[in-house]
Amino acid sequence: MHRPIYLDCHSTTPLDPEVLEAMLPYFTEAFGNPASNSHSYGWEAEAAVKLAREQIATAIHARPEEIVFTSGATEANNLAIKGAAEANLAKGRHVVTVVTEHNAVLDPCRYLETLGFEITRLPVEADGLLDLTKLEAVLREDTVLVSVMAANNEIGVLQPLEDIGALCRSRGVLFHTDAAQAIGKIPLDVQAMEISLMSLTAHKVYGPKGIGALYVRRKAPRVQLAPQLHGGGHERGLRSGTLYTPQIVGFARAVSLGLEKMAAETERLVELRDRLHQALLPLGGIQLNGHPTFRLAGNLNLSFEGVDGQALLLALQPTVAVSSGSACTSAKIEPSHVLSAIGRDDALAYASIRFGLGRFTTTAEIDQVAKHVTVAVQALRR
Ligand SMILES: *Cc1c(COP(=O)(O)O)cnc(C)c1O
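Residues numbered from 1 in each chain as written. Predicted model: local features only at pLDDT ≥ 70, side-chain atom pairs only at ≥ 80, totals over all residues. Heavy atoms only, no water.

**Some thoughts on the site of the ligand**
Around the ligand sit Gly-72, Ala-73, Thr-74, His-102, Met-149, Asn-153, Asp-178, Ala-180, Gln-181, Thr-201, His-203 and Lys-204, and those are all the residues in its vicinity. Between the ligand and the protein, one listed contact pairs an oxygen atom with a side-chain N or O atom of Thr-201 at 2.6 Å. One of the side-chain nitrogen or oxygen atoms of His-203 is found 2.8 Å away from an oxygen atom of the ligand. In the complex, 88% of the free accessible area of the ligand, which totals 380 Å², lies under the protein chains. Partitioning the shell around the ligand into residue classes produces 3 nonpolar, 7 polar and 2 charged. (Near = heavy atom within 4 Å. Polar contact = N/O pair within 3.5 Å; in protein donor to acceptor, adjacent residues only side chain to side chain. Areas by Shrake-Rupley, 256 points an atom, 1.4 Å probe, with all protein chains shown as cover. Nonpolar A, V, L, I, M, F, W, Y, C, P; charged D, E, K, R; others polar.)

**Focus: helix 11 (residues 363–381)**
Residues separated by three or four positions in an α-helix point in the same direction, a consequence of the helix having 3.6 residues per turn. When the terminal C-alpha atoms of helix 11 are compared, their 27 Å separation across 19 residues agrees well with the 27 Å that a helix rising 1.5 Å per residue should span. By the burial criterion, the buried members of helix 11 are Ile-366, Val-369, Ala-370, Val-373, Thr-374, Ala-376 and Val-377. Contact partners of the buried residues in helix 11: strand 1 (5–6), helix 7 (245–280), strand 10 (299–304), helix 8 (309–316), strand 11 (320–321) and strand 12 (352–356). (Helix = DSSP H or I, 4+ residues; strand = E, 2+ residues; numbered from the N terminus. Expected span 1.5 Å × (residues − 1). Buried < 20%, exposed > 50% of the residue type's maximum accessible area, 1.4 Å probe, protein only. Contact = heavy atoms within 4.5 Å.)

**Section: the domain arrangement of the protein**
Segmenting the protein into domains produces domain 1 (5–12 + 262–381) and domain 2 (17–256). Across the contact, 28 residues belong to domain 1 and 30 residues belong to domain 2. At the level of secondary structure, the elements contributing two or more residues to the side of domain 1 that touches domain 2 comprise helix 7, strand 10 and helix 9 (337–341). At 4 residues, the largest contribution of residues to the side of domain 1 that touches domain 2 is made by helix 9. Split by residue class, the side of domain 1 that touches domain 2 holds 10 nonpolar, 15 polar and 3 charged. (Domains from an automatic or database assignment.)

**Observations regarding the packing of helix 3 (residues 73–87) against helix 4 (residues 103–114)**
Here helix 3 crosses helix 4 at 30°, and the two axes come no closer than 9 Å. One element, helix 3, and the other, helix 4, form an angle in the roughly parallel class. In terms of crossing hand, the pair formed by helix 3 and helix 4 is right-handed. Between helix 3 and helix 4, the contacting residues are Thr-74, Asn-77, Asn-78, Ile-81, Lys-82 and Ala-85 on the first element and Ala-104, Val-105, Pro-108, Cys-109, Tyr-111 and Leu-112 on the second. (Axes fitted to C-alpha atoms, helices over the stretch in contact; angles between N-to-C directions. Parallel < 35°, antiparallel > 145°, perpendicular 65-115°, else oblique. Left-handed = near helix turned anticlockwise from the far one by under 90°.)

**Side note on the packing of aromatic side chains**
Applying the stated rule across the entire model yields 3 aromatic pairs. Centre to centre, the rings of Phe-69 and Phe-251 are 6.3 Å apart; their planes meet at 70°, and the pair counts as edge-to-face. Taken together, the residues Phe-69 in strand 2 (residues 67–70) and Phe-251 in helix 7 connect sequence positions 182 residues apart. For the pair formed by Phe-69 and Phe-251, the shared burial category is buried. Across from the ring centre of Tyr-111, 5.1 Å away, lies the NZ or CZ of Lys-82, which sits over that ring. Over the aromatic face of Phe-117 sits the side chain of Arg-93, whose NZ or CZ is 5.2 Å from the ring centroid. (Phe/Tyr/Trp six-rings, centres within 6.5 Å; stacked < 30°, edge-to-face > 60°. Lys NZ or Arg CZ within 6 Å of the ring centre and 35° of its normal.)

**A short note on the environment of Ala-62**
Position of Ala-62 among the secondary structure elements: in the loop between helix 2 (40–59) and strand 2. On the accessibility criterion, Ala-62 (13% relative accessible area) is buried. Separated by 78 residues in the primary sequence, Ala-62 and Arg-140 place their C-alpha atoms 28 Å from one another. Contact partners of Ala-62, with chain neighbours within four places excluded, come to Ala-57, Val-190 and Tyr-215.

**Let's talk about the sheet that holds strand 9 (residues 286–288)**
Across the sheet, which stays open at both edges, the 3 strands sit in the order 9-10-12 with antiparallel pairing between neighbours. What marks the edges here is a single partner per strand, and that holds for strand 9 and strand 12. Averaged over all adjacent pairs, the angle separating strand axes in this sheet is 25°, with direction ignored. Pairing of strand 10 with strand 12, which is carried by 5 bridges, proceeds in the antiparallel orientation. In the strand pairing of strand 12, Asn-299 is matched with Gly-356. Each of strand 9, strand 10 and strand 12 touches helix 7; the most contacted strand, strand 10, lies at about 15° to it. (Pairing = 2+ DSSP bridges.)

**Topic: unusual backbone geometry**
Backbone torsion omega between Ala-220 and Pro-221 reads -10°, so that peptide bond is classified as cis. Unlike most non-glycine residues, His-61 shows phi in positive territory, near 65°. Note that His-61 resides in the loop between helix 2 and strand 2. Residue His-61 is classed as partly exposed on the basis of its relative accessible area, which comes to 44%. Even without a glycine there, the phi angle at Glu-235 is positive, about 55°. Inspection of the secondary structure assignment puts Glu-235 in the loop between strand 8 (212–216) and helix 7. The buried category is assigned to Glu-235, whose relative accessible area is 7%.

Next comes the structure, spelled out in structure tokens:
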């Protein structure tokens, strides 16, 4: 039995064997609690966490003490958004975000609304990009936070972080970015991009699930956050709970590998992604969702005219593992909020496929996928 070809790398990625290798000793001999400072078991774990923290900080041009480990990007987003809102009540109760954000940003914002905060959700243009003049127009005296993702998990669109950062800085507003899809794929620099808070996760970049981090700016200006988990005061009081050493070590190795391979991998994936796109074009009636070039190298999101989306996904199930819309909400049969935001009608939104190519995707697989999709679409259109 052949397993389907995996093209769902925006949902999660397989662990890189080098990452697994780095993690293994910390499940067994090196099992100490990094917070135990009275013996060598603790010191050994603490040294591993310290090195990992430095590697992750370096990857985004931050300082090690600005990295707060969390269980992933969902928790990091919650800490950033709810934590910044709660700690900056004196300034105001207005938060700005974008309609195409992940639910891990939209839902904390919805929660803040129930507490009396006002949320502005900006639209995007037809290519998925945020128009900066629209952002500028909604900023107010009482705006405490702007949250705009780095790379979209459905259509791969890359937002102009540097411009958003400069605007937020000039208006004295905190800037949070959900970089779950971006870390290890595109260059991230919290200094050049003037980012106040950045959410990261390991499992989209060939690291383990259940680990991520929040970058919290400590200088120029220092960001105030209210913790959302209370306990032993780990992570400078911002996130209590015993640190998960193997996951942290794997996270750092994954991020470092992502950085090492970034340039070559971007080039390779753009080539494969364009190869797939070109191979499908003869089908006709295909629309690309999202900006053609300001997008993740491994992302191809297409709508197929005249095809029932569910039927297409079902037809591909044995051969190709892909998603329609966002996997995180695919339990609900609702058109993707991202595709609706870029103006796709319900039928085209349903009839969309998100191809997520990754480090282990081969040319032979891409050619196979092009064949399977062509056969399925032609059959469904007949
Ligand atoms: C996957 C993802 C998340 C959630 O990350 P977890 O680490 O799984 O909690 C948040 N935001 C975006 C953009 C994502 O792609």
